[in-house]
Amino acid sequence: QVQLVESGGGLVQAGASLRLSCAASGRTISIYALGWFRQVPGNEREFVAGIIWSGGDTYYTDAVKGRFTISRDNAKNTVYLQMNSLKPEDTAVYYCATSPSTTYPRTRYLYNYWGQGTQVTISS
């Protein structure tokens, strides 16, 4: 099993930045990709960004390209999501999750371990 713990959420104004962290432990050798998702009550959990655990390739949803950057520190088993130029519509609970899929997964159904989530609130 893999355990994931997110941190770094909070309340900021529009235009500000936040950095989320996701610390992984357990059977990390099984991870191929790690993704960030977000969810607003009543909506589906949507893909935000992903990173290939070993190679470092990254991929994003169009809504955050140019504003969010996903990166990893393999020595610390930690993945980061740097979020700049935040907008009120970025408000959500953000989750990190791991996937064994080799297909640059963007759907939550390909992710098998999830963190508990961290709230991000952007005020206008």
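For the structure, check the block above.
In every chain, residue numbers begin from 1 and rise along the written sequence. Reporting of local features is limited, given that this is a predicted model, to residues whose pLDDT is at least 70; pairs of side-chain atoms are given and counted only at 80 or more, and all residues count toward the totals for whole chains, interfaces and linings. Excluding hydrogens and water, the side-chain values take into account all heavy atoms of the structure.

**Section: the pairing of strand E5 (residues 46–52)**
1) Next: Burial classification: accessible surface area is computed with a 1.4 Å probe over protein chains only, and a residue below 20% of its type maximum counts as buried, one above 50% as exposed, and the rest as partly exposed. Numbering of helices and strands starts at the N terminus; helices are DSSP runs of H or I of at least 4 residues and strands are runs of E of at least 2. E5 sits mainly inside the fold: 6 of its 7 residues count as buried.
2) Next: Strands pair, by our definition, only if DSSP identifies at least two bridges between them. Examined bridge by bridge, strand E4 (residues 33–39) and E5 share 6 bridges and lie antiparallel to one another. Residue pairing in the sheet places Arg-38 in a bridge with Glu-46 of E5.
3) Next: Between E4 and E5, which follow one another and run antiparallel, lie 6 residues, and Gly-42 among them has a positive phi close to 90 degrees.
4) Next: As paired elements, E5 and strand E6 (residues 58–60) share 3 bridges and run antiparallel to each other. The partner of Gly-50 across the bridge, within E6, is Tyr-59.
5) Next: Hairpin remark: E5 followed by E6, antiparallel, with 5 residues in the connecting loop; positive phi at Gly-56, about 90 degrees.

**Quick look at the nonpolar core**
1) Next: In this structure, Trp-36, Leu-81, Met-83 and Tyr-94 are the most contacted members of the largest nonpolar core, which totals 27 residues.
2) Next: For this core, the leading source of residues is strand E3 (residues 18–26), giving 4 residues.
3) Next: Those residues in contact with Leu-81 that sit more than four places away from it in its chain are Leu-18, Arg-19, Leu-20, Trp-36, Val-48, Ala-49, Phe-68, Thr-69, Ile-70 and Tyr-94. We define the nonpolar core as a collection of buried residues of types Ala, Val, Leu, Ile, Met, Phe, Trp, Tyr and Cys that are connected through side-chain atoms lying within 4.5 Å of one another. In this analysis, two residues are considered to be in contact whenever any of their non-hydrogen atoms come within 4.5 Å of each other.

**Let's talk about the environment of Thr-28**
1) Next: By secondary structure assignment, the location of Thr-28 is in the loop between E3 and E4.
2) Next: In sequence terms Thr-28 and Thr-98 are 70 residues apart; their C-alpha atoms lie 9.1 Å from each other.
3) Next: Not counting residues up to four positions away in its chain, the partners in contact with Thr-28 are Val-2, Trp-53 and Asn-77.

**Comments concerning the pattern of salt bridges**
1) Next: One speaks of a salt bridge when a side-chain nitrogen belonging to Lys or Arg is within 4 Å of a carboxyl oxygen belonging to Asp or Glu. According to the stated counting rule, one finds 5 salt bridges in the structure shown.
2) Next: Between Arg-108 and Glu-44 there is a salt bridge; the shortest N-O distance is 3.4 Å. Residue Arg-108 is found in the loop between strand E9 (92–99) and strand E10 (113–114), and its partner Glu-44 is found in the loop between E4 and E5; the two are separated by 64 residues along the sequence.
3) Next: Overall, Glu-44 belongs to the exposed group, its relative accessible area being 55%.
4) Next: A salt bridge links Asp-62 to Lys-65; the nearest nitrogen and oxygen atoms lie 3.1 Å apart.
5) Next: With a relative accessible area of 61%, Asp-62 lands in the exposed category.
6) Next: In this structure, a network of salt bridges that share partners links the residues Arg-38, Glu-46, Arg-67 and Asp-90.

**Side note on the packing of aromatic side chains**
1) Next: In this analysis, rings of Phe, Tyr and Trp, with Trp reduced to its six-membered ring, are considered paired at centre separations within 6.5 Å, and the interplanar angle assigns stacked below 30 degrees, edge-to-face beyond 60, and tilted for intermediate values. Scanning the entire structure with this criterion turns up 7 aromatic pairs.
2) Next: Connected via pairs of aromatic rings, a cluster forms that spans Phe-37, Phe-47, Tyr-59, Tyr-95, Tyr-104, Tyr-111 and Trp-114.
3) Next: Remark: a charge is flagged as sitting over a ring if the NZ atom of Lys or the CZ atom of Arg is within 6 Å of the ring centre and within 35 degrees of the ring normal. A cation sits over an aromatic face here: Arg-45 above Tyr-95, 3.7 Å from the ring centre.
4) Next: Over the face of the ring belonging to Trp-114 we find Arg-45, whose NZ or CZ atom lies 4.9 Å from the ring centre.

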